[in-house]
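As a plain string of letters, each chain reads:
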Amino acid sequence: MRSTGSRWTWAIPLLCAAAVAGGVVLTLQVPGADLAYLSLDVVVGLTYPLIGALIVTRLPKHPVGWLFCVGGAGMALQALAGGYAAYGEPRGWPGTDFSAWTINWVFFTGFGPLLLLPLLLPDGRLPSPRWRPVIIVLAGGMAVLELLLMFRDRVWVWGRERPNPIGFVPTELAAVVFAAVIVVLGVAGVAALAVRLKKADPDGDQRRRLIPVFGAAAAIAAALVADSSMPPESPVGVWLMGVALPLLPAATAISIFRYRLFEIEVLIRRTVVYALVTAVLLAVYVGVVATAHELFRLGEGALEPVLGTAVVAIAFAPVRDLAQRAVGRLLFGNRSDPAAALSRLGQRLEASADPTRLLDGAADTIARTLRLPAVAVLAADGAPLSVVGAVPVDGVRLPLMAGGRREGELLAAPRSPGEALSRADLAVLDDLARHLAVAVAAVRLTREVQASREGLVIAREEERWRLRRDLHDGLGPGLAAIGVRLDLIEAKAPEALREPLADVRELTQGLMGHVRRIVHDLRPPALDELGLAGALEDLALDAEGSPEIAVSSPDRLPELPAAVEVAAYRIAQEALANALRHAEASRIEILVQAGPRRLVLQVRDDGRGLPEPLVEGVGSGSMRERAAELGGTLERRSPRGDGTVVTAVLPL
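Just so it is clear, the structure is predicted and the values come from calculations on it, not from any experiment.

1. Some remarks on the overall build of the protein chain
Along its length, the protein chain carries 19 helices and 11 strands. Of all 652 residues assigned to the protein chain, the portion counted as buried reaches 47%. Sequence separation of 24 or more characterises 69% of the internal contacts of the protein chain that already satisfy a separation of 6 or more. For the protein chain, the exposed surface amounts to about 32700 Å²; the carbon and sulfur share of it is 61%.

2. Re the pattern of salt bridges
In total, this model carries 12 salt bridges according to the counting rule given. Linking Glu89 and Arg162 is a salt bridge whose minimum nitrogen-to-oxygen distance equals 3.4 Å. Taken as a pair, Glu89 in the loop between helix H3 (63–88) and helix H4 (96–102) and Arg162 in strand S2 (residues 160–163) lie far apart in primary sequence, 73 residues in all. The exposure class of Glu89 is partly exposed, given its relative accessible area of 38%. For the salt bridge of Glu409 with Arg406, the shortest nitrogen-to-oxygen distance reads 3.5 Å. Salt bridges sharing partners connect three or more residues here, namely Glu89, Asp97 and Arg162.

3. Quick look at the sheet that holds strand S4 (residues 384–388)
With respect to topology, four strands assemble into an open sheet ordered S4-S3-S6-S5, the strand pairing being antiparallel. Edge positions in the open sheet fall to S4 and strand S5 (396–402), since each of these has one partner strand only. Ignoring strand direction, the axes of neighbouring strands in this sheet form an average angle of 15°. Relative to S4, strand S3 (residues 375–379) runs antiparallel, the two sharing four bridges.

4. Considerations on the confidence of the model for the protein chain
In this model, the protein chain carries an average pLDDT of 78, and 78% of its residues clear a pLDDT of 70 or more. Scored below 50 in pLDDT, residues 1–5 shows 14 contacts in the model against residues more than four places distant or in partner chains. Taken together, the stretch residues 262–270 has pLDDT below 50 and engages in 34 contacts with residues farther than four places along the chain or on a different chain.

5. Concerning the packing of helix H5 (residues 106–120) against helix H7 (residues 171–199)
Across the interface, H5 lies against H7 with an axial gap of 6 Å and an inter-helix angle of 25°. Relative to H7, the element H5 lies roughly parallel. From H5, Phe107, Phe108, Phe111, Gly112, Leu115, Leu116, Pro118, Leu119 and Leu120 reach across to H7, where they touch Phe178, Val181, Ile182, Leu185, Ala188, Gly189, Ala192, Leu193 and Arg196. Looking at side-chain class alone, the contact of H5 with H7 contains 15 nonpolar, two polar and one charged residues.

6. A short note on the side chain of Asn164
Residue position: Asn164 is located in the loop between S2 and H7. Judged by its relative accessible area of 7%, Asn164 is buried. Every residue in contact with Asn164, bar those within four places of it in the chain, is listed here: Trp101, Met150, Phe151, Arg152, Asp153, Arg154 and Val155.

7. Examining the sheet that holds strand S8 (residues 587–594)
Read from one edge of the open sheet, five strands run S7-S8-S9-S11-S10, paired in mixed fashion. Strand pairing shows two members of the sheet lacking a second neighbour, strand S7 (548–552) and strand S10 (633–637), which therefore form its edges. Each adjacent strand pair in this sheet contributes to an overall mean axis angle of 10°, direction not counted. Here S10 pairs with strand S11 (residues 645–651) via five bridges, running antiparallel. Bridge assignment links Leu634 to a residue of S11, and that residue is Ala648. Together, S7, S8 and strand S9 (598–605) form the strand contacts of helix H17 (residues 525–542), whose direction differs from that of S7 by roughly 175°.

8. Quick word on the nonpolar core
One finds Tyr48, Phe108, Phe111, Leu245 and Leu248 to be the most contacted residues of the largest nonpolar core, which totals 55 residues. Elements with a contribution of two residues or more to this core: helix H2 (36–58), H3, H5, helix H6 (132–150), H7, helix H8 (205–229), helix H9 (236–244) and helix H10 (247–259). With 10 residues, H5 is the single largest residue contributor to this core. In this structure Tyr48 touches Phe68, Cys69, Gly72, Leu114, Leu117, Ile220, Leu245, Leu248 and Pro249, once residues within four positions along its chain are discounted. Core analysis: the next-biggest nonpolar cluster, separate from the first, contains 39 residues, Ala540, Ala568, Ala585 and Leu601 among them.

9. Re the side chain of Glu146
Structurally, Glu146 can be placed in helix H6. The charged side chain of Glu146 is buried without a salt bridge, its nearest counter-charge being Arg152 at 10 Å. Each residue touching Glu146, except ones within four places of it in the same chain, is listed here: Trp105, Phe108 and Thr109.

10. Points about the packing of aromatic side chains
Tallied over the entire structure, the rule returns 12 aromatic pairs. Centre to centre, the rings of Phe111 and Phe178 are 6.4 Å apart; their planes meet at 20°, and the pair counts as stacked. Taken together, the residues span a long stretch of sequence, with Phe111 in helix H5 and Phe178 in helix H7 at a distance of 67 residues. Classification of Phe111 as buried rests on a relative accessible area of 3%. Taking the relative accessible area as the measure of exposure, Phe178 reaches 18% and is therefore buried. Looking at Arg91, its charged tip hangs above the ring of Tyr87, at a distance of 3.7 Å from the centre.

Thresholds, definitions, all that
- For every chain, the first residue of the written sequence is number 1, and numbering continues from 1 along that sequence.
- pLDDT decides what is reported in this predicted model: residues at 70 or higher carry local features, side-chain atom pairs at 80 or more are listed and counted, and totals for whole chains, interfaces and linings draw on all residues regardless.
- Think of the side-chain values as coming from all heavy atoms in the structure, minus any hydrogens and water.
- Runs of E in the DSSP output that reach at least two residues are strands. Runs of H or I that reach at least four are helices, and both are numbered from the N terminus.
- To sort residues, take the accessible area from a 1.4 Å probe on protein chains only and compare it with the maximum for the residue type: under 20% means buried, over 50% means exposed, and anything in between is partly exposed.
- Contact between two residues is taken to exist if any of their heavy atoms lie within 4.5 Å; hydrogens are not considered.
- Note on areas: Shrake-Rupley, 1.4 Å probe, and residue coverage restricted to the protein chains presented here.
- By definition, a salt bridge exists where a carboxyl oxygen of Asp or Glu is found within 4 Å of a side-chain nitrogen of Lys or Arg.
- DSSP calls a pair of strands paired once it identifies at least 2 bridges connecting them.
- To obtain each axis, a line is fitted to C-alpha atoms, and for helices this fit is confined to the stretch in contact; angles are then taken between N-to-C directions over 0 to 180 degrees.
- The quantity called pLDDT is the predictor's confidence in a given residue, expressed from 0 to 100.
- Any angle that falls under 35 degrees is termed roughly parallel, while one over 145 is termed roughly antiparallel, one within 65 to 115 roughly perpendicular, and all others oblique.
- Each residue is assigned to one class: nonpolar for Ala, Val, Leu, Ile, Met, Phe, Trp, Tyr, Cys and Pro, charged for Asp, Glu, Lys and Arg, and polar for all the others, Gly among them.
- For this analysis, a nonpolar core means a set of buried residues of the types Ala, Val, Leu, Ile, Met, Phe, Trp, Tyr and Cys, connected via side-chain atoms within 4.5 Å.
- Lys and Arg are tallied as positive, Asp and Glu as negative. Neither His nor the chain termini are counted.
- Note on ring pairs: Phe, Tyr and Trp rings are taken, using the six-membered ring of Trp, and paired if centres are within 6.5 Å. Classes follow the plane angle, with under 30 degrees stacked, over 60 edge-to-face and the rest tilted.
- When the NZ atom of lysine or the CZ atom of arginine is within 6 Å of a ring's centre and also within 35 degrees of its normal, the charge is said to sit over that ring.

Here's what the structure looks like:
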């Protein structure tokens, strides 16, 4: 896919790298040159234009890309101007006075814009319209500082100062304004990113994209504050900035390649290998030349470049291979190591305690493994089981087959629009799909078993309710009528029949008591007589001489299935009994809440809480089992210093 930017954009990092290299080589020939600020020029001049070119090639009008390029170019020009002035002045080269003057302000032409980057990342716009006055003030301060640097009364070239022929601004004043402006710029950038993070979805891609950039901006702001608070002669602040400044392009690169910050196309992403190799080898070259110059001083400086070139030639192949592997892992994940991908997926599946949630996070694992923007695992009926990003509408669709049955489908989106996944990607996805198919089948079977179990429990309770109604409304009154008739017959019967009739009447009364016990065991009578809320209040009233017991429920509960009513009542009964026996509480609360699809029951007390270690007894196990039979959950916990809370969630 052709990039939308012009190819000449890549001339920017190449020219910056050439300027940095020229400045370093010239400066190293100058005895006693202060190299601290030159190090800043090197790290910024090599890293910022590279990221800027990547962005501009894809998005030519994006201001962030151009700020990266301008930031690196300003620092690279300082390196070249400083080296030219320091080395060329003793040799009578033309234009050295102009170069010496330029070095004092051209760096801020790049340093200022790069400090504006955190305010505009990632979309090139401010966090909100309220920030417009802020950036206007910052831009005005930068312009004033640029003029102060141009016309300050002294010229500084790598540690050596002399009067500025056109200068009239005291250097001390320029230094104070410089410190104030860069600190305000750094803090404003961190504040802008913090605002963006606060507005971003906690689980969304935007937040993940911004976190690395926010960390880099915070490190730069800390380095700026440290440098401004230290004495001018201290090199610590400069070295801190030398470490912190490359973090911003590095963090932006991570967001680009791992989270597709600007959706850079694959063609541009592959150029990172060669750009990275170029940057590393240039750094090696500069390091070898500098080391050789300081240690050996070979041939009055003639042999150092030759030695550096030889080292670069030898190191080219291994550095390229290392860069290809590193960038490949960054961009494409573990596709070259299918075993690692399978191991990671297996660990994720194994970590799931609930069989019905076996696939939670499976799509996220696959997406992170292969650096894909969106992955979805669908059931056979198309229902999403695990999704990261959005359900892909294009890309790869792999059937999930287990035991000859189609269990579902694995969907994987391409890394960038129009970019097809490679054979290596497809091979890893195919291996993952076979393991996912077994997991999807396990989830389906578990849900079917759970649904069957719930159906059996519901049918059992409904049948118990029917039997109780028949016994209570049919057999019970019939036996009572028989008892009444026996009393009438006994009153008129001869003396010889009264004793047998009394035995029959006693047997009838025993049968009536037995029927009442059966009716009570089939279903608590209070549920039919008072409803769930009334039955819970009846439970509270039965606990005489107990702690204060309060029942809270809606004025009118919806019609509940018989199984849910019984389960809620029995769980509340057991939790209340546990609180009365063990909690030593002064107050117990029973709360009932009904939603559109679930009933929530909570029993809480202000007692001594659960023991440590917690050993679950028969009663607690029965509560958990009653909830699980209906596909619900039960949780027992002890908030610190606040007794025990038992919460049951039962689906309706």
